[in-house]
Amino acid sequence: MAKYLLKRILFSLFALIVVTGIVMVLVYTYTNRNDLLKSDDNWKKRSGNEQKLYEYTVFQRYGYLEFVDYTTFLKTKYLETEGESYTQNEDYKKAKNAISDSATFQDYPDVAEFIDKYYGEGYDFVYMPVLKYASGKEKAGGGAILLAVNEKSVWNRLWDYITGFITFESKYDVEDENLTDRYIRWEDDPYSKLPALVGSGTKHKYLIYFDSRFPFIHQNLIKINLGISSVTYKNQEITDVINTPTGDMKVVTVQYPTQLGTDQYTETSIDFHSVTYNNAGVSDSDRAIFTDNYTVYSYQKKGLTMLENSFIIGFIATVIAYLMGLPFGIFMSRHKDGLADKTGNFYIIFMMSVPSLAYIFLFATIGTTLFGFPYKFATSTTKIGGYILPVICLALPGLGNVMRWIRRYMIDQMNADYVKFAKAEGLSEQEIFSGHIFPNAMVYLMQGLPGSILGCLTGAIITERVFAVPGVGGLLTTAIDSKDNGIIIACTVFYTFLTILSIILGDLLLSRYDPRVSLTDGKGGGR
Amino acid sequence: MSENAKRDVLLSLKDVEVKFNVRGRYLTAIRGVSLDIYDGESLAIVGESGSGKSVLTKTFSGMLDSNGTISAGSITLYDKALSDSEIDLTNLKKASEWQKIRGRRIATVFQDPMTSLNPILTIGKQMCMVIEKHQRCSGEEAKARAIDIMRKVGIDNPEKRFDDYPFMYSGGMRQRIVIAIALSCRPKILICDEPTTALDVTIQTQILDLIKELQRELDFTVVYITHDLGVVANVAERVAVLYAGQIVEIGTVEEIFFDPRHPYTWALLSSLPQLSVKGEDMYSIAGTPPSLYNKITGDAFAPRNKYAMAIDTVAEPPMFKVSETHYAKTWLLDPRAPKVEPPENIRNLHEKMLAGYVDYSEEDY
Ligand SMILES: Nc1ncnc2c1ncn2[C@@H]1O[C@H](COP(=O)(O)OP(=O)(O)OP(=O)(O)O)[C@@H](O)[C@H]1O
Ligand SMILES: [Mg+2]
């Protein structure tokens, strides 16, 4: 069985890569990237070469290409040698103007250096000469521009994506010559009073640590890079987005690292476990708080993460749906065509035929007016209050679904020959239902169970939107709307992964439960 | 068979009529059947598909579908082991009353062993469920009994196979298990509804031999339902021929095979595969049985009967007595009827059958 599973997992990985590749091809080649500009006011405002340059900025943001502007190249170069006042430098000015002369610019030493450098890295070059009116006056936005452009091919992109999918932090991650003491070691964490794995030279300071948030132990050592948002969550890795707590700031009384060892305390929302290395130079205000260069922090929030919000709502709804749906559906099948069955069927058909938006608003209205449940998630005064209506709105259709299938499978099994035989041998209806029919009907539900639970990780689009739940449900649709290619790919990979995992877990569960199914190659049971 | 007279009557059906409600219309599947079943005998019920063989046995196994009722007649089960030594089965209404009969007094083996067992429970579990239900015992004791009966039905290594699942058994093995479960509570009557139709020929004979053997050892009554007259000749002592919900002829196996009186029985016998000549089409009975939705006047077989007389379309024939054990429901037995000989091909059936049956079991077709 282990061998079979290994094979399945390898095959799944392959499938995952294929799906990712296909989506990348679709997203990057079959959508017209010029559409991105049409509704962009910043693009409309610009003209001439400047407008062209802006286009490259946009395409870079959406991940179509990478480019380096000659001016930026000069800036880095002269900043290093001349310091902040490099713009006053004569060499710099000359180098900057060198590209205005379309005949000779290639011979200028700085330009040659620029071209050499990026040619070696496989870039192409785009040169836009000065745009002038017939009178010789320069047009608006018509200044000369030289760019090194790297159009990414799908294969490059896929390769980069796969090889960069999982990254580990190491003590050599930070590029800072002044940082000489590099280590990763266990230390006592002054905030949790428990041990923590602390790094110096790593991006995060705290690599493994404890705190009061579920699941109480956290890590920054290994990172899954699903994709980077280019629009909605500017340049954030999507796994960070969905795993960062939401809601209002949580103020706690703690000691700043500079206050440790004294009896001074401060009220703050800073999450000291979140700090990352500051490469840009530590400001004086940060110096008052921190003792080292790990000064980039995020805040503690009162709410859960987007992923947790979605999962909790979905999971509770699923549990309710099964706990109630199974007995209801079984009861309906045992009293087929009776009053309970008819009522149940009406409910099932109602849930199936009424559009979800309609019944969500119906339940929302009933819930808020009759029971006084809080409507919008964020405005709920109690912690669990905000979950009530979303859970109900997800549980009720789920309930209908479970009732529908278990009833159907039970009725299918009721006509099976082994049921007739069991009856002919004198077993009571109760014994036949619980001993024979129900276990066989469950065979069919069993396989889908992991899928229903893992599916909660994808969130519920409409419910979350109606109740303004900060969850992951709307992620993909918003991303498609805003052409946020990074998120589209991230979501596809994540959903595909969940589906594949659900199927494997479903099969595993089934093979535990149904003796006819064995997870080995070739000859299984006699199904 | 003359000994029948000495045997006790175990089950007695009197003028039983069964109607099915099919979307408001009534289908009369059994039309006034009277039949005595004797203790320890083996009775075969034969007839073409739809003649009511299964429905007839379901009246006393309590397995009638919910849209069917016994609309007339009585069915009495005589059993000295019962507290009130006779029970009218038509009066059993409650499910719990039937549970005392089913499995414990009357058990049924169905046609398809592949689907008669619950696929996801072990053989042992399924046997113990029935044993624990009917015999006040549990756990190890039930297991011991189950293993004992598994050995009886010819399962090698029953201790080991006890925890196997049905899919690990072959078709023949499964049918042995089904028989084992059916017999695990020592029923007085075992109904075998086409027990071997789904099995291949060699396994068929093995299963039939097994039932015969067990019957000798455990002393129960067997009611076989079959289309296969070859099977009948092999296992039954008495034969009842059913046509359109009525018994048209009943007698010992010798009487039915060698002295048949009803034209329908003649037709059935003519269609025996053993009698077909190589290269010729198999004999089949022309026409179709009457619709059971309508009231049938006269002899139900008349429209298909080439010996039919005027009276057949007017009045239903009574059961004419041929011998103490042999009765037939045809006007041909009326003293006023012209003398009709059975068709040529079924005379001397004895020799043909003997030869045929041997071929039949050895040839694998
Ligand atoms: N539940 C039911 N509802 C309606 N009609 C039924 C029902 N069960 C049986 N019948 C009818 O009763 C008649 C006798 O059926 P039965 O099953 O006894 O036939 P059979 O002789 O066993 O045939 P086969 O050899 O095909 O099993 C058939 O016409 C059948 O259509
Ligand atoms: Mg039948």
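Residues numbered from 1 in each chain as written. Chains lettered and ligands numbered in written order. Predicted model: local features only at pLDDT ≥ 70, side-chain atom pairs only at ≥ 80, totals over all residues.

(A) Main features of the overall build of chain B. Helix and strand counts for chain B stand at twelve helices and twelve strands. Taken over the C-alpha trace, chain B has a radius of gyration of 21 Å; the compact-globule value for 365 residues is 21 Å, and the two agree within 12%. Its C-alpha atoms put chain B at 70 × 50 × 45 Å along the principal axes. When the 365 residues of chain B are sorted by exposure, 45% land in the buried category. Restricting to contacts in chain B with at least 6 residues of sequence separation, those with at least 24 account for 67%. (Helix = DSSP H or I, 4+ residues; strand = E, 2+ residues; numbered from the N terminus. Rg over C-alpha atoms; globule rule 2.2 N^0.38 Å. Buried ≥ 20, exposed ≤ 12 C-beta atoms within 10 Å, placed from the backbone. Contact = placed C-beta atoms within 7 Å.)

(B) Summary view of the overall build of chain A. Helix and strand counts for chain A come out as 19 helices and 13 strands. In summary, chain A has a C-alpha radius of gyration of 30 Å against a globular reference of 24 Å for 527 residues, an excess of more than 25%. In terms of principal-axis extent, the alpha carbons of chain A reach across some 105 × 65 × 55 Å. Looking at chain A as a whole, 28% of its 527 residues are labelled buried. Contacts spanning at least 24 positions in sequence make up 63% of the contacts within chain A whose residues lie at least 6 apart.

(C) Main features of the domain arrangement of chain B. Residues and elements named next belong to chain B. On domain assignment, one finds that chain B holds domain 1 (39-59 + 188-365) and domain 2 (112-186). Centre-to-centre, using C-alpha coordinates, domain 1 lies 33 Å away from domain 2. Contacts between the two partners involve eleven residues from domain 1 and, on the opposite side, 14 residues from domain 2. No other element matches the seven residues that helix H8 (residues 201-218) contributes to the side of domain 1 that touches domain 2. (Domains from an automatic or database assignment.)

(D) The arrangement of the domain arrangement of chain A in detail. Here chain A is partitioned into domain 1 (43-151), domain 2 (166-299) and domain 3 (306-513). Each of domain 1 of chain A and domain 2 of chain A was reduced to a C-alpha centroid, and the two centroids are 38 Å apart.

(E) Quick look at the sheet that holds strand S2 (residues 25-38) of chain B. Residues and elements named next belong to chain B. A sheet is described by the order of its strands in space; here four strands give the open sequence S2-S1-S4-S5, paired in antiparallel fashion. At either margin of the open sheet sits one strand with a lone partner, and together these are S2 and strand S5 (86-88). The mean inter-strand angle of the sheet, taken between neighbouring strand axes irrespective of direction, is 5°. When strand S4 (residues 68-78) meets S5, the two strands line up antiparallel, connected through three bridges. Counterpart to Leu77 in the pairing with S5 is Ile87. (Pairing = 2+ DSSP bridges. Axes fitted to C-alpha atoms, helices over the stretch in contact; angles between N-to-C directions.)

(F) Inspection of the interface of chain A and chain B at higher detail. With 22 residues of chain A at the interface, the matching set in chain B holds 26 residues. Elements with a minimum of two residues in the side of chain A that touches chain B: helix H15 (417-424) and helix H16 (429-454) of chain A. For the side of chain A that touches chain B, the per-class residue count stands at eight nonpolar, seven polar and seven charged. (Nonpolar A, V, L, I, M, F, W, Y, C, P; charged D, E, K, R; others polar.)

(G) Examining the site of ligand 1 more closely. Residues and elements named next belong to chain B. In the vicinity of ligand 1 there are 17 residues, among which Ala29, Ser49, Ser54, Val55 and Asp65 approach most closely. Among the secondary structure elements, those contributing two or more residues to the shell around ligand 1 are strand S1 (9-22), S2 and helix H1 (53-61). Looking at the shell around ligand 1 element by element, the count peaks at three residues for H1. (Near = placed C-beta within 6 Å.)

(H) Seen up close, the sheet that holds strand S7 (residues 206-210) of chain A. All names here are of chain A. The strand order across the open sheet formed by four strands is S5-S6-S7-S8, and the pairing between neighbours is antiparallel. The outermost strands of the open sheet, each flanked by one partner alone, are strand S5 (183-188) and strand S8 (217-219). The average angle at which neighbouring strand axes cross in this sheet is 20°, direction not considered. Relative to S7, strand S6 (residues 195-200) runs antiparallel, the two sharing two bridges. Across the sheet, residue Val198 finds its bridge partner in S7, namely Tyr206.

(I) Up close: the nonpolar core. Within the largest apolar cluster, 136 residues are counted, with the highest numbers of intra-cluster contacts made by B:Ile45, B:Leu190, B:Tyr224, B:Val232, B:Val239 and B:Val241. Those residues in contact with B:Val232 that sit more than four places away from it in its chain are B:Ala44, B:Val46, B:Thr226, B:Val239 and B:Val253. Ranked by size, the runner-up nonpolar core spans 23 residues in total, among them A:Met24, A:Val27, A:Cys491 and A:Phe497. (Core = buried A, V, L, I, M, F, W, Y, C linked by C-beta atoms within 7 Å.)

(J) Highlighting the packing of helix H13 (residues 356-370) of chain A against helix H14 (residues 385-414) of chain A. Residue and element names in this part refer to chain A. Where H13 meets H14, the closest approach of the two axes is 10 Å, and the angle between their N-to-C directions is 135°. Comparing their axes, H14 and H13 come out oblique. Here H13 and H14 pass one another in a crossing that is right-handed. Seen from H13, the contacting residues are Ser356, Ile360, Phe363, Ala364 and Gly367; seen from H14, they are Leu389, Ile392, Cys393, Leu396 and Pro397. Here the contact of H13 with H14 is composed, by residue class, of eight nonpolar, two polar and no charged. (Parallel < 35°, antiparallel > 145°, perpendicular 65-115°, else oblique. Left-handed = near helix turned anticlockwise from the far one by under 90°.)

(K) Inspection of the packing of helix H1 (residues 2-29) of chain A against helix H8 (residues 154-163) of chain A at higher detail. All names here are of chain A. Put simply, H1 and H8 touch, their axes get as near as 10 Å, and they point 135° apart. Judged by the inter-axis angle, H1 sits oblique to H8. When the axes of H1 and H8 are compared, the crossing they make is right-handed. Where H1 abuts H8, its residues Ile17, Thr20, Gly21, Met24, Val25, Tyr28 and Thr29 lie against Val154, Arg157, Leu158, Tyr161 and Ile162. Here the contact of H1 with H8 is built from residues that sort into eight nonpolar, three polar and one charged.

(L) Broad picture of helix H11 (residues 263-270) of chain B. Taking burial as the measure, the eight residues of H11(B) include seven buried ones, the bulk of the element. Inspection of H11(B) places B:Pro263, B:Tyr264, B:Thr265, B:Trp266, B:Ala267, B:Leu268 and B:Leu269 among the buried residues, and these make up the whole buried set.

(M) How the structure looks around the pairing of S5(A). Residue and element names in this part refer to chain A. S5 sits mainly on the outside: zero of its six residues count as buried. Relative to S6, S5 runs antiparallel, the two being bridged by six bridges. Of the residues in S6, the one forming a bridge with Asp188 is Pro195. The turn joining S5 and S6, which pair antiparallel and follow one another in sequence, is formed by six residues; a positive phi near 60° is taken by Lys193.

(N) Highlighting unusual backbone geometry. Cis rather than trans, the peptide bond between A:Phe214 and A:Pro215 has omega equal to 0°. Within the fold, A:Pro215 resides in the loop between S7 and S8. Unlike most non-glycine residues, B:Asp15 shows phi in positive territory, near 50°. When you line up the elements, B:Asp15 lands in strand S1. Judged by C-beta crowding, with 12 C-beta atoms within 10 Å, B:Asp15 ranks as exposed.

(O) Molecular detail of the pairing of S1(B). Residue and element names in this part refer to chain B. Of the strand pairs in this sheet, S1 and S2 are connected by eleven bridges, and their pairing is antiparallel. Counterpart to Val9 in the pairing with S2 is Tyr38. Hairpin geometry of S1 and S2 is characterised by an intervening segment of two residues between the two adjacent antiparallel strands and by a positive phi of about 45° at Arg23. Here S1 pairs with S4 via eight bridges, running antiparallel.

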